[in-house]
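Examination of the molecular architecture
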Amino acid sequence: MREPLFPKDFNVFWNDLLYKSSKIPLNETCEKIELRSSSKTDVSLVHYDSIDNIRIAGWYCLPHTTSKKKIPAIIHMPGYIGEPEIPINHTFDGYATFGVITRGKLQSNNKFNPGFPGLLTHNINDRDTYSLRGLYIDAIRAVDFLLSRDEIDSDRIGITGGSQGGGLTIIVAALRPEVRVAVAAAPFPCGFIKSIELAKTYPFEEIAEYLRLFPNQKQKVIETLRYFDVINFAKCVEIPIMVLFGVQDSVCPVETVMEACEAIPYKNKKIYSYDGHGHDAGRSNHVSITKKYFNHYLK
Amino acid sequence: MEEFGRPDDFEDYWNYLLLRLKKIPLKAKEVLNPLHSNEFCKCYEVFFLSFDSYKLFGYLSIPFGEGPFPAIFSGSSYRSAVEPLSQGETKEKRGRFVIFSAASRGQRNADKPFVAKYPGLFTEGIDSPYSYVYRKIVGDWLRGIQYLVTRPEIDRKQIIVAKHNSLPIIAGSLCPDITHVVAKPGCFAGINDKNSEELNDYFRMYPDKYKCVLNTLSYFNLKNFCKGLRARTLLWGSSDVLKNLASDISGKTDIQQSEQSQFKDGLHEEEWIAHNLGFSDPIIPSCWKN
């Protein structure tokens, strides 16, 4: 059986959430951090409100420019376990960048802090309170932050990330038409149950451990995860997108990542499969390709 | 950045830490964690005391079956989270090795009263060697290793410290119990890594502190730890950059250049560990086997 089954009310569930979150004022703040800023780039620590009354942080980087023209922006989505780095690299090419710090990570964990391991199974038997529900909305609202900025050209917003950041890239690309182009590396989480069986590594192992301890919850867990599977979001991606992955990825099994790639309906999607690479997804070989792709659509 | 040398009181600086650690009881407490136990091992949450009686935390995995087992000490990465097993490593590894994944101060479950910031931790207290947080973090690593060697399940002839940063070299030098080291020298060897940018930020913001920061870093200069490192060692990096460091290490040392592939690098490291510990095969994820 191919997994996941697309829930009949998948679109209703997410449209409803998008509508609810759109009614929450962003209440964004943006504080320049002198220590991290330089003669080339201003770095600010941003905060904004997300659902469940959780305040989300992010790193906003603006290249210094004498021009008064609006500039393009690239959103950087975070991986699952690490702390997001300040995404200054693309600023050297003239982009504003915004690195989102989703709930549960340091600086976004005042009210919600299930830990790592822990976040992936927090309320996993209930789609309406599952951790990823809020985390995905945190990511989606990063677009709203950029749209709130006078200096950003709202027609030239791109998005990128690796691992969970790759998954969030696909999710936001699917749900926010304001995003024009996406580059996702080793997207996580695709095909939860199959991935658990194949990977035997963290972070999917968190769910395996949960199911081992609470086997009677399995059906509820599977039911919940159908609403959060990147494969199901991939089916809704209609914008230019590039996905890269490593064939020997021990975190995100290649079979499930390929299923997400196949599910993307956008005709001119670019899929790069790197044999001899793991969860790095061959990114070291891919820097100039990614740069060209963003420049093509955003410059 | 200028080369940082060897301070006159280098030995005293580190001996003080070792002496203080000796005087503080471990007060280790283990609590079985059924969630993170599996078919290969039992997992315990361990709470213990470090330098300044700071309360630390770690996950201890003990394989089922008869020991003694080789042991892996997995010290802190540059992030807040600590996992029972590093992301991407197959869970079967927990059936061969006793694995102790220990937090340093500031990381999750070891963040009272000190909460580490990323970025920020690398320059915390860096104006003076006596306030620099990394002296305490080295103490936390040593403390974790001290705890690990108290475990009756481990084979004391096979204790590995493995992490892709500089700290396994320092820990391996200061702790004679360590038999194998896997490390990736970075900022403490004057090599650019993810901490370099934080250091550059600090110098840009506080240019007048340049000399005192270099003085602090001289106490962490990896070159000064090489002679004391007798363990069998694998260094990740360029041989051009690391050859002098490697030749100074007392134990037999290999250098391996990263292929920028989690698969190829991971496979090499697992094979190196298996080979040097006398196993015929490494324990690797199934997708690496063909």
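Moving on: the overall build of chain B. Check the secondary structure of chain B and you find seven helices and nine strands. On C-alpha atoms alone, chain B measures out to a radius of gyration of 18 Å, which is about the 19 Å that the 2.2 N^0.38 rule sets for 290 residues. Its C-alpha atoms give chain B principal-axis dimensions of about 55 × 40 × 30 Å. The buried share among the 290 residues of chain B stands at 49%. Intrachain contacts of chain B at a sequence separation of at least 6 include 60% that bridge at least 24 residues.

Quick look at the overall build of chain A now. When helices and strands are tallied, chain A shows nine helices and nine strands. In terms of C-alpha radius of gyration, chain A reaches 18 Å, essentially the compact-globule figure of 19 Å for 299 residues. Across the 299 residues of chain A, 53% fall into the buried class. Intrachain contacts of chain A at a sequence separation of at least 6 include 70% that bridge at least 24 residues.

Further remarks concern the sheet that holds strand β6 (residues 152-162) of chain A. Each strand in a sheet pairs with its neighbour through backbone hydrogen bonds, running either in the same direction (parallel) or in the opposite one (antiparallel). Residue and element names in this part refer to chain A. Ordered by their spatial adjacency, nine strands build an open sheet running β1-β2-β3-β5-β4-β6-β7-β8-β9, and the pairing between neighbours is mixed. Because the sheet does not close on itself, it has two edges, and the strands there are β1 (29-32) and β9 (270-274). Averaged over all pairs of adjacent strands, the angle between their axes in this sheet comes to 20°, without regard to strand direction.

This part takes up the sheet that holds strand β3 (residues 55-63) of chain B. Residues and elements named next belong to chain B. Read from one edge to the other, the open sheet built from nine strands follows the order β1-β2-β3-β5-β4-β6-β7-β8-β9, with strand pairing classed as mixed. Across the chains shown, the open sheet's two edge strands, defined by having one partner strand only, are β1 (29-32) and β9 (253-256). Direction aside, neighbouring strands of the sheet carry axes that sit 20° apart on average. Strand direction decides the pairing type here: strand β2 (residues 41-49) and β3, joined by nine bridges, are antiparallel.

This paragraph deals with the nonpolar core. Core analysis: the biggest nonpolar cluster contains 168 residues, and I75, A139, I170, I171 and V172 of chain A together with A71 and A171 of chain B have the highest contact counts within it. Ranked by residues supplied to this core, first place goes to helix α2 (residues 131-147) of chain A with ten residues. Setting aside chain neighbours within four positions, we find I75 of chain A in contact with F98, V100, A142, L146, I157 and I159 of chain A.

Cis geometry is adopted by the peptide bond preceding P113 of chain B, which originates at K112 of chain B and carries an omega value of 10°. When you line up the elements, P113 of chain B lands in the loop between β5 (98-102) and α2 (133-148). In the segment running from Y118 of chain B into P119 of chain B, the intervening peptide bond is cis, with an omega of 5°. If you trace the backbone, P119 of chain B turns up in the loop between β5 and α2. Look at K200 of chain A: it is not a glycine, yet its phi comes out positive at around 60°. In this structure, K200 of chain A sits in the loop between α4 (192-199) and α5 (204-213). The phi dihedral of D52 of chain B is positive, around 65°, even though this residue is not glycine. Looking at where D52 of chain B falls in the secondary structure, it is placed in the loop between β2 and β3.

We now examine the pairing of strand β4 (residues 69-74) of chain B. Residues and elements named next belong to chain B. Counting buried residues along β4, six of its six residues qualify, which places the element largely inside the surrounding structure. As judged from the four bridges shared by β4 and strand β6 (residues 154-162), these two strands associate in the parallel manner. Its bridge partner lying in β6, F73 is registered against V161. The sheet contact formed by β4 and β5 spans four bridges and is parallel. By the bridge assignment, I72 is partnered in β5 with I99.

Bringing the interface of chain B and chain A into the picture now. Taken together, the 29 residues of chain B in the interface contact 33 residues of chain A. Breaking the side of chain B that touches chain A down by element, the ones donating at least two residues are α4 (196-205) and α7 (262-276) of chain B. For the side of chain B that touches chain A, the element with the most residues is α7 of chain B, which contributes four residues. Residues of the side of chain B that touches chain A, tallied by class, amount to eleven nonpolar, ten polar and eight charged.

In this section: the pairing of β6 of chain B. Residue and element names in this part refer to chain B. When β6 meets strand β7 (residues 180-183), the two strands line up parallel, connected through three bridges. Directly across from A162, in β7, lies its bridge partner V182. After leaving β6, the chain enters helix α3 (residues 167-174) and then returns to the sheet as β7, a path that is right-handed.

All names here are of chain A. One can find H47 in strand β2 (residues 41-50). Separated by 54 residues in the primary sequence, H47 and I101 place their C-alpha atoms 9.4 Å from one another. Sequence-distant contacts of H47, defined by excluding residues within four places in its chain, comprise E28, T29, R55, I56 and A57.

Let us look at the confidence of the model for chain B. Across chain B, the average pLDDT comes to 96, with 99% of residues at 70 or higher. Our summary of model confidence lists the complex with pTM equal to 0.97 and ipTM equal to 0.96.

Looking now at the packing of α2 of chain B against α3 of chain B. Residue and element names in this part refer to chain B. In contact at an axis separation of 10 Å, α2 and α3 are set at 60° when each is read in the N-to-C sense. Taken as axis vectors, α2 and α3 run oblique relative to one another. Once α2 is placed against α3, the crossing between them reads as right-handed. On the side of α2, the interface is formed by V138, W141, L142 and I145, while α3 contributes L167, I170, A171 and L174.

Moving on: the environment of D9 of chain B. Residue and element names in this part refer to chain B. With respect to the helices and strands, the residue D9 is situated in the segment before α1 (10-23). Since 12 C-beta atoms lie within 10 Å of it, D9 is described here as exposed. C-alpha of D9 to C-alpha of K194: the two residues are 185 residues apart in sequence and 29 Å apart in space.

This part covers the environment of G228 of chain B. All names here are of chain B. Along the polypeptide, G228 turns up in the loop between α5 (210-218) and β8 (232-236). Overall, G228 belongs to the partly exposed group, with 19 C-beta atoms counted inside 10 Å. A sequence separation of 27 residues divides G228 from I255, and the C-alpha atoms of the two residues are 18 Å apart. Once residues lying within four places of it in the same chain are set aside, the contact partners of G228 are S173 and L174.

The rules behind the values
- Residues numbered from 1 in each chain as written.
- Chains lettered and ligands numbered in written order.
- Predicted model: local features only at pLDDT ≥ 70, side-chain atom pairs only at ≥ 80, totals over all residues.
- Helix = DSSP H or I, 4+ residues; strand = E, 2+ residues; numbered from the N terminus.
- Rg over C-alpha atoms; globule rule 2.2 N^0.38 Å.
- Buried ≥ 20, exposed ≤ 12 C-beta atoms within 10 Å, placed from the backbone.
- Contact = placed C-beta atoms within 7 Å.
- Pairing = 2+ DSSP bridges.
- Axes fitted to C-alpha atoms, helices over the stretch in contact; angles between N-to-C directions.
- Core = buried A, V, L, I, M, F, W, Y, C linked by C-beta atoms within 7 Å.
- Nonpolar A, V, L, I, M, F, W, Y, C, P; charged D, E, K, R; others polar.
- Right-handed = clockwise from strand over helix to strand, strands pointing away.
- pLDDT = per-residue confidence, 0-100.
- Parallel < 35°, antiparallel > 145°, perpendicular 65-115°, else oblique.
- Left-handed = near helix turned anticlockwise from the far one by under 90°.

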